[in-house]
Amino acid sequence: MLTEILFYAFAAVLLGAAIGVIASRNPVHSVLFLVLCFFNSAVLWLLIEAEFLAIVLVLVYVGAVMVLFLFVVMMLDINIEKLREGFTRYAPLGALVAVIVVVEMYYVLWVKRLGMDVTGGTAPLPADYSNTAAIGEVLYTDYVYPFQLAAVVLLIAIVAAIALTMRRREGLRTQDVSRQVAVRRQDRVRLVKVEPEVEQ
Amino acid sequence: MDSLVAIWSGLPTDARSLILTTLAVVGVMLGVVMAVAFTTLAERKVIGYMQLRLGPNRISLFGLPILRGLAQPFADVIKLLFKEVLVPANADRKLFLLAPLIVLVPALAAWAVIPFSPEFVLADINAGLLFILALTSLGVYGVILAGWAANSKYAFLGAMRSAAQMVAYELAMGFAIVGVLMAAGSLNLGEIVRSQQGGALAWHWFWLFPLFVVYFISGVAETNRAPFDVAEGESEIVAGFHVEYSGAAFATLFALPEYANMILISALAAVMFLGGWLSPFEGYLPDAWFITQPSFFWLFLKIGGFIFIYLWIRATFPRYRYDQIMRLGWKVLIPVTLAWLAVEGVMVWFKVGPWAA
């Protein structure tokens, strides 16, 4: 009972925030609504006892990805009028996507009504059940090759992103820290013995 | 008294556990807030003595001459609370007032999973360390929003610096924590403490020394403390992200979370690397003595030590330049942690040290 109340409360906030993302006039507010969305979906995951995924969602998306997103949006000088111009043009496409999503959701509910258990049991797990250990076990045994493959793809993406944006410019002054640290006194300072001038 | 006991035992079990949990939460929060208050005093006193000054020495408790200076934090709080909260004319009013809360809430909520003693922890959850990492990564939103919503260039510059810095050092911190996970075999903070039983040399700092150092340095950087406090940088950007704040908003945005986070990082360093509530003399001295028993006393002592190091660093080192901070984070600390994780993997494989069993 309590779980249902919590679910509907957080789901309502999630939907409200999702509407906020597309409805708010200020892009920074939109990004913040998106953060709220992620946070609420994490709570929904907590409710189905997927603690590890929930916390990782907050850690990765809210803690890192959205920070950079916010960073970029704050610095951009976005012309909101221009963004709104295309609304009627893209409205049919948006409506089509919405219809597809509704049909898919209806299909899932319909299959469930037939009495087929597609999502697996949702019986409460024992208190000492560790989500993290379970995921780790599956990830590094059954799915070790897909997992490694995904890691390599990500690595390639990182390398590509750096290769695309990094260029060497001529005449750039940079510091070489190891050379700075390696400097000895003799390289920089010369001790000169000057005979004192004695006034005659 | 008897009637109170009767009322208590008459309550349903749920209500009783609710009341007890609420009391425990309030107790921990009060403890953290008081610790914050006296850390501000300790900071001024310690740095004062290091610079051959006396520090605050006027406001005494109950008029006792010997307690002079001890009531300074209360005087500061009262002063800050009675000051006017100014909102700049072109600020985004809602976000400007929301930002302090976004910094404050994660700083306090993270305390839920810290094990204070063998018996007492508010929420003994399996993924405790991940929970803390997730919560501490939220604090950066408050800082960015504070800087952006104020609609001031100085504040915005401070916010940008702080955001980039916190994202950079979170990685080094995360890798250091991965090393602890490998050693302890658990994400639960209580389990991590229990895996270090057996005196000071069995604690993780010994085998994970590079990670310990990296963790504390990135902890200092995460909390935007000197020498990494370019987010404030009063000599170039006045006071950074909180330049437009005043009164209670300033206190909740800047003072409380910053010190609460300092104490949190200290507590985590103590729990992960210095055996939390375990005694350093365990196994070296007779078991029956108080000083070999695990208790909150040891955790308190270790946290105090780390806080002192924080203040000592602040009194000693000049501020880093921004590009040097970035270089240290990305090019020094992260490679060090990666290298040590590889070394640790080899140690686990050959069952060296704590992995001998």
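Here, residues in each chain are numbered from 1, in the same order as that chain's written sequence. All chains are assigned letters beginning with A, and all ligands numbers beginning with 1, in the order in which they are written. Thresholds applied to this predicted model are a pLDDT of at least 70 for local features of residues and 80 or more for the giving and counting of side-chain atom pairs; totals over whole chains, interfaces and linings are not thresholded and use all residues. The side-chain figures draw on all heavy atoms in the structure; neither hydrogens nor water molecules are used.

This paragraph deals with the overall build of chain B. Note on conventions: DSSP H or I runs of at least 4 residues are helices, E runs of at least 2 residues are strands, and numbering of each starts at the N terminus. Looking only at helices and strands, one finds 14 helices and 0 strands in chain B. Reading chain B from its N terminus to its C terminus gives the helix and strand order α-α-α-α-α-α-α-α-α-α-α-α-α-α. Atoms counted for the radius of gyration: C-alpha only. Globule rule: 2.2 Å times the number of residues to the power 0.38. In summary, chain B has a C-alpha radius of gyration of 22 Å against a globular reference of 21 Å for 357 residues, a match within 12%. Each principal axis of the C-alpha distribution contributes one length, and for chain B these read about 65 × 65 × 45 Å.

Turning next to the packing of helix H2 (residues 27-47) of chain A against helix H3 (residues 51-75) of chain A. Packed helices, taken two at a time, are described by the angle their axes make and the gap between the axes. Residues and elements named next belong to chain A. Each axis is a line fitted through C-alpha atoms, and for a helix only the stretch in contact is used; angles between axes span 0 to 180 degrees, taken between their N-to-C directions. At a minimum axis distance of 9 Å, the contact between H2 and H3 shows a crossing angle of 175 degrees. One way to sum up the angle between H2 and H3 is to call them roughly antiparallel. Contact with H2, carried on its side by Pro27, Val28, Val31, Leu32, Leu34, Val35, Phe38, Phe39, Ser41, Ala42, Trp45 and Leu46, involves Glu51, Leu53, Ala54, Leu57, Val58, Tyr61, Val62, Met66, Phe69, Leu70, Val73 and Met74 of H3 and no other residues of that element. Put simply, Ala, Val, Leu, Ile, Met, Phe, Trp, Tyr, Cys and Pro go in the nonpolar bin, Asp, Glu, Lys and Arg in the charged bin, and everything else, Gly too, in the polar bin. The residue makeup of the contact of H2 with H3, split by class, is 22 nonpolar, 1 polar and 1 charged. Roughly parallel covers angles under 35 degrees, roughly antiparallel covers those over 145, roughly perpendicular covers 65 to 115, and oblique covers all other angles. We call two residues in contact whenever any of their non-hydrogen atoms come within 4.5 Å of each other.

If you look at the interface, chain B gives 25 residues, while chain A gives 25 residues. A 1.4 Å probe defines the accessible area here, and the buried area is the portion of it lost by two parts on being joined, summed over both. Here chain B meets chain A over a buried area of about 2,100 Å², counting both sides, of which 77% is carbon and sulfur. Interface area lost by chain B to chain A is led by Leu130, Tyr141 and Trp148 of chain B, which between them contribute 26%. Definition used for salt bridges: Asp or Glu carboxyl oxygen within 4 Å of a side-chain nitrogen of Lys or Arg. In this structure, the connection of chain B to chain A is made through 0 salt bridges. Counted as a polar contact is a pair of N or O atoms within 3.5 Å, where, for protein atoms, one must be capable of donating a hydrogen and the other of accepting one, and residues adjacent in sequence contribute only when both atoms are in side chains. Remark: the boundary between chain B and chain A carries 3 residue pairs in polar contact (both at pLDDT 80 or more). For the side of chain B that touches chain A, the elements supplying multiple residues, two or more each, are helix H5 (128-136), helix H6 (139-149), helix H7 (153-184) and helix H14 (322-349) of chain B. In terms of residues, the side of chain B that touches chain A owes the most to one element, H7 of chain B, which gives 6 residues. Of the residues belonging to the side of chain B that touches chain A, the class tally is 18 nonpolar, 2 polar and 5 charged.

Every residue is assigned a pLDDT by the predictor, reflecting its confidence on a scale from 0 to 100. Residues of chain B with pLDDT of at least 70 account for 97%, and the chain-wide mean is 83. For this predicted complex, the interface confidence score (ipTM) comes to 0.78, while the overall pTM stands at 0.83.

Looking now at the nonpolar core. Within the largest apolar cluster, 116 residues are counted, with the highest numbers of intra-cluster contacts made by Trp111, Ile114, Tyr141, Leu189 and Tyr215 of chain B. Ranked by residues supplied to this core, first place goes to H7 of chain B with 16 residues. Setting aside its immediate chain neighbours within four residues, Tyr141 of chain B contacts Leu32, Val35, Val62, Met66, Val67 and Leu70 of chain A together with Ile102 of chain B. Each nonpolar core is a collection of buried residues, namely Ala, Val, Leu, Ile, Met, Phe, Trp, Tyr and Cys, held together in the definition by side-chain atoms within 4.5 Å. Buried, partly exposed and exposed residues are distinguished by accessible area as a fraction of the type maximum, computed with a 1.4 Å probe on protein chains only: under 20%, between the cut-offs, and over 50%, respectively.

Here we take up the layout of surface pockets. Here a cavity is any set of points on a 1 Å grid over the protein atoms alone where a 1.4 Å probe fits but cannot get out, and a pocket is any open set with protein on both sides within 12 Å along at least 5 of 7 lines; a residue lines the site when it has an atom within 4 Å of a point. Grid points are joined across faces, edges and corners, and a volume is the space filled by probe spheres set on the points. Roughly 2,100 Å³ of volume is contained in the largest pocket. Contributing to the lining of the largest pocket are 39 residues, with Phe52, Val56, Leu59 and Val60 of chain A together with Val178 of chain B lying nearest its centre. Within the residue set of the lining of the largest pocket, elements represented by two or more residues are H3, helix H6 (131-140) and helix H7 (144-165) of chain A together with H5 and H7 of chain B. Here the lining of the largest pocket takes 9 residues from H7 of chain B, the largest share from any one element. Split into classes, the residues belonging to the lining of the largest pocket amount to 29 nonpolar, 8 polar and 2 charged. An automatic or database domain assignment provides the domain bounds reported here. Among the domains, domain 1 (1-82) and domain 3 (129-163) of chain A are the pair contributing at least three residues each to the lining of the largest pocket. Size it by volume and the second largest pocket reaches roughly 1,300 Å³. If you trace the second largest pocket, you find 45 residues lining it, with Phe39, Val43 and Val58 of chain A together with Leu135 and Leu138 of chain B closest to the centre. Those elements giving two or more residues to the lining of the second largest pocket turn out to be H2, H3 and H6 of chain A together with helix H4 (93-109), H5 and H6 of chain B. At 10 residues, H2 of chain A tops the list of elements feeding residues into the lining of the second largest pocket. Of the residues in the lining of the second largest pocket, the class split is 36 nonpolar, 5 polar and 4 charged.

This part takes up the packing of aromatic side chains. All names here are of chain B. For Phe, Tyr and Trp, rings pair up if their centres lie within 6.5 Å, where Trp contributes its six-membered ring, and each pair is then called stacked (planes under 30 degrees apart), edge-to-face (over 60) or tilted (otherwise). The full count for this structure, using the stated rule, is 22 aromatic pairs over all chains. With centroids separated by 6.1 Å and ring planes inclined at 10 degrees, the aromatic side chains of Trp111 and Phe116 adopt a geometry described as stacked. Just as Trp111 is buried, Phe116 falls in that class too. Summarising the aromatic geometry, the rings of Phe308 and Trp312 are spaced 5.9 Å apart at their centres and angled 40 degrees between planes, so their arrangement reads as tilted. In this pair, Phe308 and Trp312 are both assigned in helix H13 (residues 296-316), 4 residues apart and thus about one turn of the helix distant. Aromatic ring contacts, followed pair by pair, group Trp205, Phe206, Trp207, Phe209, Phe212, Tyr215, Phe216, Phe273, Phe306 and Tyr310 into a single cluster.

Residues and elements named next belong to chain B. Only residues whose relative accessible area exceeds 30% and that form no salt bridge enter a patch; like-charged residues are grouped when within 9 Å of one another, and nonpolar side chains (Val, Leu, Ile, Met, Phe, Trp, Tyr) when within 5 Å. To measure how exposed things are, a 1.4 Å probe is used in the Shrake-Rupley method; for residues, cover is taken only from the protein chains shown. On the surface, Met34, Phe38, Leu70, Phe74, Val77, Ile78, Leu81 and Phe82 cluster together into a nonpolar patch covering about 740 Å² of accessible area. Elements supplying a minimum of two residues to the nonpolar patch: helix H2 (13-50) and helix H3 (72-81). In terms of residue count, H3 provides more of the nonpolar patch than any other element does, 4 residues in total. The topology assignment puts Leu81 in helix H3.

What follows covers the packing of H3 of chain A against H6 of chain A. Residue and element names in this part refer to chain A. Relative orientation of the contacting elements H3 and H6 amounts to 90 degrees, with a least axis distance of 7 Å. Overall, the two elements H3 and H6 adopt an arrangement that is roughly perpendicular. Touching Glu51, Phe52 and Leu53 of H3 are Asn131, Thr132 and Ile135, all from H6. Classifying every residue of the contact of H3 with H6 gives 3 nonpolar, 2 polar and 1 charged.

Working note: α-helix, 3.6 residues per turn, so residues spaced by three or four point in the same direction. All names here are of chain A. Take the residue count of a helix, subtract one, and multiply by 1.5 Å to get its expected span. Compared with the 30 Å implied by 1.5 Å per residue over 21 residues, the 30 Å span of H2 between its first and last C-alpha is a close match. Regarding H2, the residues found buried are Val28, Ser30, Val31, Leu32, Val35, Cys37, Phe38, Asn40, Ala42, Val43 and Leu44. Two residues or fewer past H2, Glu49 is found with a positive phi of approximately 65 degrees.

Residue and element names in this part refer to chain B. Applying the stated criterion across every chain yields a total of 7 salt bridges over all chains. Put simply, Arg44 and Asp76 hold a salt bridge, and the shortest N to O gap is 3.1 Å. With Arg44 in helix H2 and Asp76 in helix H3, this pair connects stretches of sequence that are 32 residues apart. Residue class for Arg44 comes out partly exposed when judged on its relative accessible area of 37%. A residue is classified by how much of its surface remains accessible, and Asp76, at 25% relative accessible area, is partly exposed. With its nearest N and O atoms 2.7 Å apart, the salt bridge here joins Asp323 to Arg321. Accessibility expressed as a relative area gives 36% for Arg321, which makes it partly exposed.

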